[in-house]
Amino acid sequence: MMLSRRLPARSPPLSRCLSSLRKTPLYDVHVGLGATTAEFGGWDMPIKYPLGIMKEHEWCRNNAGLFDVSHMVPVKIIGKDRAKFIESVTVADVQNMPAGMGSLSLIPNEQGGIIDDCIVTNAGDHIYMVINAGHEEIDLPHIRKHMEAFQGDVSLNIVPSGLLALQGPKACQLLSKHSSEDVSKMSFMSGKPVTVNGVPCFVTRSGYTGEDGYEIGIPVDDTKKVFDALIQDPDLELIGLGARDSLRLEAGLCLYGNDLDTTTSPSEANLLWTIPKSRRGGGFVGQERILAEIADKKLVKRKRVGFVGKGPPPRSHDKLYTEDGEEVGEVTSGVYGPTVKKPVGMAYVKKKYMKAGTKLLADVRGKKREIVITKMPFIDPGYYRGE
């Protein structure tokens, strides 16, 4: 690892100490390692380290990167009717989900929009979910409201945890050095208890970069112990949220608040693959709009698409136009993709313009720049699919 392991003998700046933003258990470590921090979801989070966003991105694609994602909120759903309940508030097929497996799912609202996207894992004696940063004040009241009306045995517990994401082609090799259990054969999207550096953790083989990797849920007081063990490996670098954004965009993964929101349906977001055929009979919040749009595609007027461009990348809220000047869409995310060496992004466009190869013009700071609608992901994902 290029970053020095030795922490400078200094305290965080007073301005940080006075900040009202929440901080992860590793906040002072990040500051000591020279991280640049900023607000994200109500948290003061590391955006980049001295290595810089571009090199962090490239390091994660080729080696192993460690992300502090302790701003996310793991929860346990317990009770004998937990699967039936979770199926009422998400589109997941939990009752047919094997123990130890998970899937990306959506939490819809009553209007068929998306409150959040999350991974739902059947952990055997409970269901494990991770709520997006800053969303516990939205997701949890919504879930609890429906839980109160639910006729069955179910309850929700927040799990005080640190959460580290270990990502990249060398992630498996690195985690294996510190784990008491074999993590090399874990299936993509599986999860199980694993002891890491003597600490009992819950590990899922998942992530947000398009690479192989793991998310490690750690008892909050032991977060630094696990972090300190992993960070000593020369194949590892710390990665901030800046590179996390470019990594996830190249992988075609949505960021809630940018690419998804409470007005956007699964059909519009091109996320119908999250709704198994077994769930297309309904039984979940917001089913009226969602199922109607599945049955009648004409009801859907816009679609989420990927695009590539040239020059400065279009950014969120930049408008999209045809050559004739018709406004046909809006960018939701855009960055320079270090791996593909060109601007990449996502947008919502009128359906007639969603076909790959369609050329549009993005208004980037007052100048029209050509983009080309492109299939996602922009890279070949490195997810573990078995030998």
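It should be noted that the structure appears before, not after, this text.
Reading the values: the criteria
- Residues numbered from 1 in each chain as written.
- Predicted model: local features only at pLDDT ≥ 70, side-chain atom pairs only at ≥ 80, totals over all residues.
- Heavy atoms only, no water.
- Salt bridge = Lys/Arg side-chain N within 4 Å of Asp/Glu carboxyl O.
- Helix = DSSP H or I, 4+ residues; strand = E, 2+ residues; numbered from the N terminus.
- Buried < 20%, exposed > 50% of the residue type's maximum accessible area, 1.4 Å probe, protein only.
- Core = buried A, V, L, I, M, F, W, Y, C linked by side-chain atoms within 4.5 Å.
- Contact = heavy atoms within 4.5 Å.
- Expected span 1.5 Å × (residues − 1).
- Arc of directions from axis to C-beta.
- Phe/Tyr/Trp six-rings, centres within 6.5 Å; stacked < 30°, edge-to-face > 60°.
- Lys NZ or Arg CZ within 6 Å of the ring centre and 35° of its normal.
- Axes fitted to C-alpha atoms, helices over the stretch in contact; angles between N-to-C directions.
- Parallel < 35°, antiparallel > 145°, perpendicular 65-115°, else oblique.
- Left-handed = near helix turned anticlockwise from the far one by under 90°.
- Pairing = 2+ DSSP bridges.

Draft legend 1. Region of interest: the pattern of salt bridges. Counting across every chain of the model gives 17 salt bridges. Where Lys170 meets Asp235, a salt bridge forms, and the shortest distance between an N and an O atom there is 3.5 Å. Here the residue Lys170 occupies a position in the loop between strand 9 (161-167) and helix 6 (171-178), and Asp235 occupies one in the loop between helix 7 (223-230) and strand 13 (236-238), the gap between them amounting to 65 residues. On the accessibility criterion, Lys170 (25% relative accessible area) is partly exposed. Two residues, Arg248 and Asp245, come together in a salt bridge whose shortest N-O distance is 2.9 Å. With Arg248 and Asp245 both in helix 8 (residues 241-250), this residue pair falls 3 residues apart, about one helical turn. A relative accessible area of 0% means that Arg248 is categorised as buried.

Draft legend 2. Structural view of the nonpolar core. Membership of the largest hydrophobic core comes to 29 residues, with the highest contact counts inside it found for Leu66, Leu175, Val203 and Leu230. Only strand 3 (64-68), strand 9, helix 6, strand 10 (191-196), strand 11 (199-204), strand 12 (213-219), helix 7 and strand 13 provide two or more residues apiece to this core. If one sorts the elements of this core by residue count, helix 6 sits on top with 4 residues. In this view, Leu230 contacts Leu66, Leu164, Leu174, Leu175, His178, Ile216 and Leu236; residues no more than four positions away in its chain are not counted.

Draft legend 3. Main features of helix 5 (residues 136-149). Compared with the 20 Å implied by 1.5 Å per residue over 14 residues, the 20 Å span of helix 5 between its first and last C-alpha is a close match. For helix 5, the set of buried residues is Glu136, Asp139, Leu140, His142, Ile143, His146 and Met147. Axial view of helix 5: buried residues confined to an arc of 160°, hence all on one face. Turned more than 90 degrees away from the buried face of helix 5 sit Glu137, Glu148 and Ala149, all of them exposed.

Draft legend 4. Inspection of the packing of aromatic side chains at higher detail. Inspection of every chain in the model, using the stated rule, returns 3 aromatic pairs. When the centroid spacing of 5.3 Å and the interplanar angle of 70° are considered together, the rings of Phe85 and Phe150 count as edge-to-face. Of this pair, Phe85 sits in helix 4 (residues 82-89) while Phe150 sits in the loop between helix 5 and strand 8 (155-158); the two residues are 65 residues apart in sequence, bridging distant segments of the chain. On the basis of an interplanar angle of 25° and a centroid distance of 4.5 Å, the ring pair of Phe188 and Tyr383 is categorised as stacked. With a gap of 195 residues between them, Phe188 in the loop between helix 6 and strand 10 and Tyr383 in the segment after strand 19 (367-374) connect regions that are remote in the sequence. Among the residues examined, Phe188 registers a relative accessible area of 22% and is labelled partly exposed. Judged by its relative accessible area of 18%, Tyr383 falls in the buried class. Over the aromatic face of Tyr27 sits the side chain of Lys23, whose NZ or CZ is 5.3 Å from the ring centroid.

Draft legend 5. Examining the packing of helix 3 (residues 53-62) against helix 8 more closely. Contact geometry of helix 3 with helix 8 gives a least axis separation of 8 Å together with a crossing angle of 50°. When the interaxial angle is binned, helix 3 and helix 8 end up oblique. Crossing geometry of helix 3 relative to helix 8 is assigned as right-handed. In this structure, helix 3 contributes Ile53, Glu56, His57, Cys60 and Arg61 to the contact, and helix 8 contributes Gly242, Ala243, Ser246, Leu247 and Glu250.

Draft legend 6. Structural context of the sheet that holds strand 5 (residues 102-108). Strand order in the open sheet formed by 5 strands is 5-6-7-4-8, and the pairing between neighbours is antiparallel. Edge positions in the sheet fall to strand 5 and strand 8, since each of these pairs with one other strand and no more. On average, adjacent strands in this sheet sit at an angle of 30° to one another, irrespective of strand direction. Here strand 4 (residues 73-78) pairs with strand 7 (residues 127-131) via 5 bridges, running antiparallel. Bridge pairing in strand 7 links Val75 to Met129.

Any functional reading would require information beyond the geometric quantities listed.
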